[in-house]
Every structure is written in C-alpha cells, then in structure tokens.
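Notes for the structure review
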Amino acid sequence: MTTHVIVGAGFAGAKAAEALRERGFDGRIVLIGEEPERPYERPPLSKGYLTSDAAKDSVFVHDEGFYAQHSIELLTTTAVTALDPAGHTVALSDGTTVRFDKALLATGSRPRRLSVPGADLPGVHYLRTVADADALATAAASASSAVVIGAGWIGCEVAASLRTRGLDVTVVEPASVPLERVLGPRVGGVFRDLHAAHGVVLRLGEGVEALHGTGRVEEVVTSTGTRIAADLVVVGIGATPRIELAADAGLTVGDGVLTDEYLRTSHPDVYAAGDIASAWHPRFDSRLRVEHWANALNQGPAAAANMLGADEPYTHLPYFFSDQYDLGMEFTGHSPAWDRVVFHDVPDMNGFAAFWIRDGIVSAAMHANLWDLSDHLQKVVRDRLEVPENVQALLSAG
C-alpha cells in the first residue's frame, strides 16, 4: 500500500491530509504531531480564545471523528526523531519506524526566546500552543498588570486581548512604532495610536535589560533603566522555523527548508509546507517563507496535490489578517523593502488603505475596516496595477 507521511499535525498538516483524501488518494496517511491535541488553528489563541470569547472546540481544524472517518492515522504526543529520505522512513519517539512513499514536513516554528537575566522566571509566557494560551489565560484571570515584550503581530494582538480583559498593559518595543519592520512608520503609527487610545502604555525605542522577581516575575527593567511592575510578562519577539529534522536528514536548508515552486525539497519525495517552507515564488521571483495562517491553509493542500503528481506551482499571494480592538485588517503581497507607501485615509468609514511600492510596482496592499476592498487589493498586487487615486475609484473599478 502506498503510504504518505505528514510530519507536523498543525494547520498545514491537517489541511494536507484532508486534501489527499479529497483528491482521491486511497492509500495510507499517517499524520504525526507532538502535541496531545488534534490539529487546531493558532490565530484565535491571541484573540478570541485569550479573551474567553472563543470556546476551545472552535479552534480545531476538524471535528474529533474526522480523522477516523477518513482513515487518517493521527498520532498525537508523538515526535519524529529522524527522517531518512533515501530509505524513505521516519523514526518515531515510541521506537517505531514508518516507511513512506512521499513525506511532507510541516513542523512549524517555535517562539524566539528572550535572553536576558530573569527570563526564565515563572510568570514569563510565550504564546504558540493551546497549552500556552490556557496558561496565559489562567494567569491573566488573577493579574492586574502585564508587560508585553515586542510589538509585532503576536505582541500587538496579545496586548489588545489583555487590555480588553481589563489588565493594565505596557508594551516594550525597540522600534519607533509597532510593526515598523513590516508596515513602516506611517502605517505602524496607526497601531501605535490605536493601542494608546485604548490605554496601553507604549515604551517605544526601548529594549529589555532584565526581569526581576522573587520566585516569579515582578518587574521588567528596560534599556533606559525604567522599571515596570508586572504580574505577568508575555514575550513576542518573533519565531524560528523548526528545520532541525530536515537539516539532520541532509535536506537543503537556509531560512527554512528550501523548496522549489512545487514545494518539493532537495529530495524529490519530500515536500515542505507552512512556517518552515522557504519556497520559490514565481510572482516575486524569489524565495518566500511566510509564518501566517493563510500560508498553512493553502500550502498544505498544494503540497498534497503535488505529492500526487499534480505538478502545480504554488502561486498564492502571501496574506495575513489581524483583529485588534475595533480595527480589523487584511494585508496581501510581499514587500520586505519599498520605495514609498501610498496611504488613503477614509475617516467616514473608520478605515484606510495602503499600498507599498517597489520599483514602480505595487508589491503589497492593505486595508483596515474596508472589507469590500479585499478582492480589489488582491487584484492590484497580482496584476501589477497602478495605485488608484482614491479608494472610491478602486471600488468602482469592479
């Protein structure tokens, strides 16, 4: 019997297993995950799940009976300890070995750790798993103050969720505005003002020197010497792809596991998807590694199709979304560097649109609270259209 193994039972892995069955694969599927939970989606963990607005069951990719009903062998609390591409086997933490015809690596990423004195004190939290979210929610229930270290997407969303729960929240971020590296100073300034308007104290342009506490964290000391009292600390300073398994197996790695446009690694029978995949993207003529929900949603099924011989290049535009307080946004495209940002404010709709321009081409676009623009922004980036004079012109363009 033909066997396809999926290493990593997160969103990408679960969607790949689903796609294999939808495309008619009737062989053996083994989906292997280290966590005790069945596959779930991570975005709610920093949003509704953390504010207690979302029930735990709502985060799961499939209902509990899905895997048995579709003859998918779901192995939870199981790690893959070795991958042998030449021998077409994976070794498991329980001492068994599974042979495969094709394998998909979807091992995801891990939070980057804070490296300062006191970083290992109890009360310092990271947010990646359901268990992390449960621990943070439990801590928040009895806390009155929190410090969030890092004002990237996770940091901003956690700050908004904790503030919504009524905690006093301080954000410490070395950049001049939140999300500056991704969005630039103008758009990042919108998020600065948003959090300030909701009572978050922003310590921008400051790093963290140390965490203090007796038995647990009680204080954060910043690079300016400022001391901030904290009942809990959340660290959101980025993530690193979990590429060790691939590297040890001799696959080509860099900033992720390197793949071609078909999500195929340096071994023709091993594919990669999700956070770890540094995939060649024909639209941008470069490698992209994207750590967002839509990438897992789309790359898992794309890899599954190519494992079955479809030879379909992965051409989805990068996409991500965020919800903070009453602001929801969607971003599409890829713009690690830009020449200018065109900003269209729409105050009567409490929103805006922005376009990142590189060499005269729109490489990325974003809206906030202008939901009718979503498809239009995708088209502008995909078809390399000119920046519209105003949002109304874009909407009327059809």
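Everything below is about the structure printed above this text.
The model shown is predicted, which means the values in this text are computed figures rather than measured ones. Note that residues are indexed from 1 along each chain, following the sequence as it is written. Only residues with pLDDT of at least 70 get local features here, since the model is predicted, and only at 80 or more are side-chain atom pairs given and counted; chain-wide, interface and lining totals rely on the full set of residues. Each side-chain value is derived from all of the structure's non-hydrogen atoms; neither hydrogens nor water enter the calculation.

Turning our eyes to something else, we now look at unusual backbone geometry. With phi around 70 degrees, Leu263 is a residue other than glycine that occupies positive phi space. Tracing the chain through its elements places Leu263 in the loop between strand E19 (256–259) and strand E20 (270–272). For every residue, the accessible area obtained with a 1.4 Å probe (protein chains only) is divided by the maximum for its type, and the residue is called buried under 20%, exposed over 50%, and partly exposed between those limits. For Leu263, a relative accessible area of 0% corresponds to the buried category. At Tyr325, a residue that is not glycine, the phi angle is positive and equals roughly 55 degrees. Helix and strand assignments follow DSSP, with helices taken as H or I runs no shorter than four residues and strands as E runs no shorter than two, numbered in order from the N terminus. Considering the arrangement of structural elements, one finds Tyr325 in the loop between strand E23 (319–324) and strand E24 (327–333).

What follows deals with the packing of helix H1 (residues 11–22) against helix H7 (residues 293–307). For helices, the axis comes from a line fit to the C-alpha atoms of the stretch in contact; other axes are also lines fit to C-alpha atoms, and the angle between any two N-to-C directions lies between 0 and 180 degrees. At a closest axis distance of 7 Å, the pairing of H1 and H7 adopts a crossing angle of 35 degrees. The chirality of how H1 crosses H7 is right-handed. Contacts from Phe11, Ala12, Lys15, Ala16, Ala19 and Leu20 in H1 reach Trp293, Ala296, Leu297, Gly300, Pro301 and Ala304 in H7. Crossings are classed by handedness, with left-handed meaning an anticlockwise turn of the near helix from the far one by less than a right angle and right-handed meaning a clockwise turn. Whether two residues are in contact is decided by their heavy atoms: any pair within 4.5 Å suffices.

Another point: the packing of helix H4 (residues 153–164) against helix H5 (residues 180–197). Following both chains from N to C, one finds H4 and H5 inclined at 10 degrees, their axes separated by 12 Å at the closest point. Accordingly, the angle class assigned to the pair H4 and H5 is roughly parallel. Judged by residue contacts, Trp153, Cys156, Ala159 and Ala160 of H4 engage Val182, Leu183, Phe191 and His195 from H5. Gly falls in the polar group here, along with every residue not listed as nonpolar (Ala, Val, Leu, Ile, Met, Phe, Trp, Tyr, Cys, Pro) or charged (Asp, Glu, Lys, Arg). Grouping the constituent residues of the contact of H4 with H5 by class yields 7 nonpolar, 1 polar and no charged. Small angles under 35 degrees read as roughly parallel and large ones over 145 as roughly antiparallel, with 65 to 115 read as roughly perpendicular and the rest as oblique.

To continue, consider the layout of surface pockets. Cavities and pockets were defined on a 1 Å grid built from protein atoms only: a cavity is a group of points that admits a 1.4 Å probe but offers it no way out, a pocket is an open group of points flanked by protein on both sides within 12 Å along at least five of seven lines, and a lining residue is one with an atom within 4 Å of any such point. Grid points are joined across faces, edges and corners, and a volume is the space filled by probe spheres set on the points. Size it by volume and the second largest pocket reaches roughly 260 Å³. Considering the residues around the second largest pocket, the lining is formed by Val190, Asp193, Leu194, Asp326, Leu327, Phe343, Asp345, Pro347, Asn350, Gly351, Phe352 and Asn369. For the lining of the second largest pocket, the secondary-structure elements that each account for two or more residues are H5, strand E25 (340–346) and strand E26 (351–358). Among the elements that make up the lining of the second largest pocket, the one with the highest residue count is H5 (3 residues). Each residue belonging to the lining of the second largest pocket can be placed in one class, and the counts come to 6 nonpolar, 3 polar and 3 charged.

Strands were regarded as paired on the criterion that DSSP finds at least two bridges between them. Taking strand neighbours across the sheet as the criterion, the 4 strands line up as E18-E19-E21-E22 in an open arrangement whose pairing is mixed. Because the sheet does not close on itself, it has two edges, and the strands there are strand E18 (253–254) and strand E22 (286–288). Judged from the 3 bridges that link them, strand E21 (residues 277–281) and E22 form a sheet pairing that is antiparallel. The residue of E22 that forms the bridge with His281 is Ser286.

With that settled, consider empty space enclosed by the protein. Applying the stated criterion across every chain, the model contains 1 cavity of 30 Å³ or more. In this structure, the largest cavity is lined by 13 residues; those nearest its centre are His281, Leu288, Asn295, Gln299 and Tyr314. When contributions to the lining of the largest cavity are tallied by element, the ones reaching two or more residues are E21 and H7. The leading source of residues in the lining of the largest cavity is E21, at 4 residues.

A few words now on H1. To estimate the expected span of a helix, subtract one from its residue number and multiply by 1.5 Å. Here H1 contains 12 residues, and its C-alpha end-to-end distance of 16 Å stays within 8% of the 16 Å for a straight helix at 1.5 Å per residue. All buried positions along H1 are accounted for by Phe11, Ala12, Gly13, Ala14, Lys15, Ala16, Ala17, Glu18, Ala19, Leu20 and Arg21. Count one or two residues on from H1 and you reach Gly24, which has phi positive near 95 degrees.

Bringing H4 into the picture now. Along an α-helix, residues three or four apart share an orientation, since each turn contains 3.6 residues. Between its first and last C-alpha atoms H4 spans 16 Å; for 12 residues at 1.5 Å apiece the expected length is 16 Å, and the two agree. Counting buried residues in H4 gives 9 out of 12 residues, a clear majority hidden from the surface. When we look at burial in H4, the residues that qualify are Trp153, Gly155, Cys156, Glu157, Val158, Ala159, Ala160, Ser161 and Leu162.

Glancing now at the sheet that holds strand E15 (residues 227–229). Strand order across the open sheet formed by 3 strands is E13-E14-E15, with antiparallel pairing between neighbours. The open sheet terminates on both sides in strands that have one partner only, identified here as strand E13 (208–212) and E15. The mean inter-strand angle of the sheet, taken between neighbouring strand axes irrespective of direction, is 20 degrees. Alignment of strand E14 (residues 219–222) against E15, held across 3 bridges, turns out to be antiparallel. Counted as the bridge partner of Val220 is Ile228 from E15.

Turning our attention to the side chain of Ser374. Locating Ser374 in the fold gives a position in helix H8 (residues 374–382). Among the polar contacts made by the side chain of Ser374, one reaches the side chain of Glu330 at a distance of 2.2 Å. In this structure, Ser374 is in contact with Glu330 and His367, ignoring residues within four places of it in sequence. As used in this structure description, the phrase polar contact means that two N or O atoms lie within 3.5 Å; if the pair is within protein, one of them must be able to donate a hydrogen and the other to accept it, and residues adjacent in sequence are counted only when both atoms belong to side chains.

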